[in-house]
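# Residue-level structural notes
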Amino acid sequence: MDRLLTVEEVAKLLGTWETSKERFPRRLIAERRIAFVKVGRHVRIKESVLADFIESNTVRAVSRPRRLRVVA
């Protein structure tokens, strides 16, 4: 069973804690961009859901062939 993370813990793991506190994870929840669990009045996010969110929003580097410069 996955560990349920608080909004504060999610903000810290995403690295948004210092700048906007819990605003970013709460916006993800409000916009239904991330799955969450309601426990009474509290909102929790499963660790696996957060990992999937990070993976699906990771932009991969593009490898381009290097162009050789002509030296005169």
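Residues numbered from 1 in each chain as written. Predicted model: local features only at pLDDT ≥ 70, side-chain atom pairs only at ≥ 80, totals over all residues. Heavy atoms only, no water.

This part covers the overall build of the protein. Check the secondary structure of the protein and you find 4 helices and 3 strands. N-terminal to C-terminal, the α/β element order of the protein is β-α-α-α-β-β-α. The C-alpha radius of gyration computed for the protein amounts to 19 Å, which surpasses the reference 11 Å derived for 72 residues by more than 25%, pointing to a less compact arrangement than a globule. Its C-alpha atoms give the protein principal-axis dimensions of roughly 70 × 30 × 20 Å. Counting every position in the protein, which comprises 72 residues, the buried fraction comes to 21%. Here the contacts in the protein between residues at least 6 apart in sequence split such that 40% fall between residues at least 24 apart. Element-wise, carbon and sulfur atoms account for 52% of the exposed surface of the protein, whose accessible area totals about 6,300 Å². Of the side chains in the protein, 17 bear a positive and 9 a negative charge, and the two mean positions are spaced by 8 Å. (Helix = DSSP H or I, 4+ residues; strand = E, 2+ residues; numbered from the N terminus. Rg over C-alpha atoms; globule rule 2.2 N^0.38 Å. Buried < 20%, exposed > 50% of the residue type's maximum accessible area, 1.4 Å probe, protein only. Contact = heavy atoms within 4.5 Å. Areas by Shrake-Rupley, 256 points an atom, 1.4 Å probe, with all protein chains shown as cover. Lys, Arg positive; Asp, Glu negative; His and termini not counted. Charge placed at Lys NZ, Arg CZ, Asp CG, Glu CD.)

So, about the side chain of Thr16. Its location among the elements puts Thr16 in the loop between α1 (7-14) and α2 (17-20). For Thr16, a relative accessible area of 14% translates into the label buried. The residues touching Thr16, leaving out its near neighbours within four places in the chain, are Ala11, Lys21, Phe24 and Pro25.

Functional significance is not addressed by these values, which are geometric in nature.
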